Amino acid sequence: MATRYYTATSLDGYLADSDNSLTWLFEVEGADEAQAGIAGFLARVGAMCMGATTYEWVVANEPPDNWRQYYGELPCWVFTHRDLPPIPGANLRFVSGPVEAVHRAMAEAAGARDIWIVGGGDLAGQFADAGLLDDVMVSVAPVTLGAGAPLLPRRILSDRMRLIAVEQAGQFAELHYRLTQPARRD
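Reading guide: rules and limits
- Residues numbered from 1 in each chain as written.
- Predicted model: local features only at pLDDT ≥ 70, side-chain atom pairs only at ≥ 80, totals over all residues.
- Heavy atoms only, no water.
- Helix = DSSP H or I, 4+ residues; strand = E, 2+ residues; numbered from the N terminus.
- Buried < 20%, exposed > 50% of the residue type's maximum accessible area, 1.4 Å probe, protein only.
- Contact = heavy atoms within 4.5 Å.
- Lys, Arg positive; Asp, Glu negative; His and termini not counted.
- Charge placed at Lys NZ, Arg CZ, Asp CG, Glu CD.
- Disulfide = S-S within 2.5 Å.
- 1 Å grid on protein atoms, 1.4 Å probe; cavity = no way out; pocket = protein on both sides within 12 Å on 5 of 7 lines; lining within 4 Å.
- Points joined across faces, edges and corners; volume = space filled by probe spheres on them.
- Nonpolar A, V, L, I, M, F, W, Y, C, P; charged D, E, K, R; others polar.
- Salt bridge = Lys/Arg side-chain N within 4 Å of Asp/Glu carboxyl O.

Overview of the overall build of the chain
1) Next: For the chain, the count of helices and strands is seven helices and ten strands.
2) Next: Taking the principal axes of the C-alpha coordinates as reference, the chain spans close to 50 × 40 × 30 Å.
3) Next: Taking all 186 residues of the chain together, 45% fall into the buried category.
4) Next: Of all intrachain contacts in the chain linking residues separated by at least 6 positions in sequence, the fraction that spans at least 24 positions is 74%.
5) Next: The chain carries 14 positive and 23 negative side-chain charges, and their two centres are separated by 11 Å.

What about the state of the cysteines?
1) Next: The tally for this structure, following the rule as stated, stands at zero disulfides.
2) Next: Cysteine C49 remains unbridged, with the sulfur of C76 as its closest cysteine sulfur at 7.1 Å.
3) Next: On the accessibility criterion, C49 (0% relative accessible area) is buried.

Here we look at the environment of V140
1) Next: Its place among the elements puts V140 in strand β7 (residues 135-141).
2) Next: Overall, the relative accessible area of 16% leaves V140 in the buried class.
3) Next: Filtering out sequence-adjacent residues up to four positions away, V140 remains in contact with T9, S10, L11, Q171, F172, A173 and L175.

Considering the layout of surface pockets
1) Next: The calculated volume of the largest pocket comes to roughly 1,200 Å³.
2) Next: Looking at the largest pocket, it is lined by 48 residues, and the ones nearest its centre are T7, L22, T54, V118 and G119.
3) Next: Sorting elements by how many residues they give to the lining of the largest pocket places helix α4 (residues 52-61) first, with five residues.
4) Next: Among the residues forming the lining of the largest pocket, the class breakdown is 28 nonpolar, 16 polar and four charged.

Quick look at the pattern of salt bridges
1) Next: A complete count under the given rule lists seven salt bridges for this structure.
2) Next: Put simply, R4 and D135 hold a salt bridge, and the shortest N to O gap is 2.5 Å. Residue R4 is found in strand β1 (residues 3-10), and its partner D135 is found in strand β7; the two are separated by 131 residues along the sequence.
3) Next: D135 is the salt-bridge partner of R178, the closest N and O atoms lying 2.6 Å from each other. Within this pair, whereas R178 is found in strand β10 (residues 172-179), its partner D135 is found in strand β7, the two being separated by 43 residues in sequence.

Written as structure tokens, this is what we have:
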């Protein structure tokens, strides 16, 4: 079991544009081909989580039936401090607070399968800060946005990241980094 941050980013390191939109991502030539690879990834996932902004974008831009089609019964924890509308038929848990306790619940639900941090970057950073993030898997799109939601707004130096795979999927470069955990400060 591993905790993986698997996402797409612009070439200049943004997950979403300054309006929190992902529309730019689906306009990239070959985006369908790149998205086809997610099925293999999802087959290894036993639990997932996302932040409120990511969840709100999904609610606003995807028909509710798509959730069931994409994720089935996969349990999802949504980190939020607000009341958000549930997606009918989705296996959701709305939570707040430190990621450590939620990670334990996600690991229990996932069993031997992986945990997927869908987004955003700050949420993935909280898992990294807690020493709970094992992999960063990024599909880099040939787009620059100039501003927006950053990929991973944390300082994680190269001594903690090891490149273990590089692949091409259409116009996307897929990078897979393995993280070592931060040194404990006693």
